[in-house]
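Spelled out from the first residue to the last, the chains are:
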Amino acid sequence: VGDYSQMSVNIKVKFDGNRRIIADRMKFSKCKQKLKSQIIKDTTPYVPYQEGTLYQSAITNQSRYKDKIVWNGPYARFLYHGLVMIGVRSKSAWAKRGEVKQTIQKVLHYGKKHPLAGYKWYERSKAHNKAKWVKLTKEWYKRG
């Protein structure tokens, strides 16, 4: 039985201008949904992939979480932080059910098949794609 944890990021969109511009909540909501989809699309190459469970979970959870993108599944938190985690009592990566895990200073390796995949995938994707996300969101908002 795997550690079914989750890794999530909150999405915050800020618009400059007066409140009348933001009054059209439908327009704002559509922009936020498009942004979430774009972030998932652009971040997928950075998410570790073995069978696709982890990166597919963000797509599956898209409608479930209003203002978040959530990657959940086997070892999500473990993979996100990029350090091996072991049970506090058992000192094993295969901790007992319900046992709290802690990280140790041993780095995970993600394989050569997916060269961008690795720890803190959202932060690395954001560093690469943030300007694009801002530009697209402004365009979507203008188009309505």
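For the structure itself, look to the data block above.
Since the structure is predicted, the reported quantities are computational estimates derived from the model, not experimental observations.

If you walk through the whole model with that rule in mind, you get three aromatic pairs. Both rings, one in Tyr-122 and one in Trp-133, keep their centres 6.3 Å apart while their planes meet at 15°; by these two values the pair is stacked. In this structure, Tyr-122 and Trp-133 share a single accessibility class: buried. Chaining the aromatic ring pairs together yields one cluster made of Trp-71, Tyr-80 and Trp-121. Its guanidinium or amino end placed over the ring of Tyr-141, Lys-27 lies 4.4 Å from that ring's centre, counting from NZ or CZ.

Moving on, we come to helix 5 (residues 121–143). Maximum bend of helix 5: about 65°, positioned at Asn-129. Taken as a whole, helix 5 has its buried residues at Trp-121, Tyr-122, Ser-125, Asn-129, Trp-133, Leu-136, Thr-137, Trp-140 and Tyr-141. Of the residues one or two after helix 5, Gly-144 is the one with positive phi, at around 85°.

The next subject is the environment of Pro-48. Considering the arrangement of structural elements, one finds Pro-48 in the loop between helix 2 (25–43) and helix 3 (53–60). As a C-alpha pair, Pro-48 and Tyr-119 span 71 residues in sequence and 7.9 Å in three-dimensional space. Those residues in contact with Pro-48, other than ones at most four positions away along the chain, are Leu-54, Leu-79, Tyr-110, Ala-117, Gly-118 and Trp-121.

Counting 26 residues, the largest nonpolar core has Ile-39, Leu-54, Ile-69, Trp-71, Trp-121 and Tyr-122 as the members making the most contacts within it. Those elements that provide at least two residues to this core are helix 2, helix 3, strand 2 (68–74), helix 4 (76–81), strand 3 (83–87) and helix 5. Looking at this core, the element that brings in the most residues is helix 5, giving six residues.

Cut-offs used in this document
- Residues numbered from 1 in each chain as written.
- Predicted model: local features only at pLDDT ≥ 70, side-chain atom pairs only at ≥ 80, totals over all residues.
- Heavy atoms only, no water.
- Phe/Tyr/Trp six-rings, centres within 6.5 Å; stacked < 30°, edge-to-face > 60°.
- Buried < 20%, exposed > 50% of the residue type's maximum accessible area, 1.4 Å probe, protein only.
- Lys NZ or Arg CZ within 6 Å of the ring centre and 35° of its normal.
- Bend = angle between axes of the 7 residues up to and from the residue.
- Helix = DSSP H or I, 4+ residues; strand = E, 2+ residues; numbered from the N terminus.
- Contact = heavy atoms within 4.5 Å.
- Core = buried A, V, L, I, M, F, W, Y, C linked by side-chain atoms within 4.5 Å.

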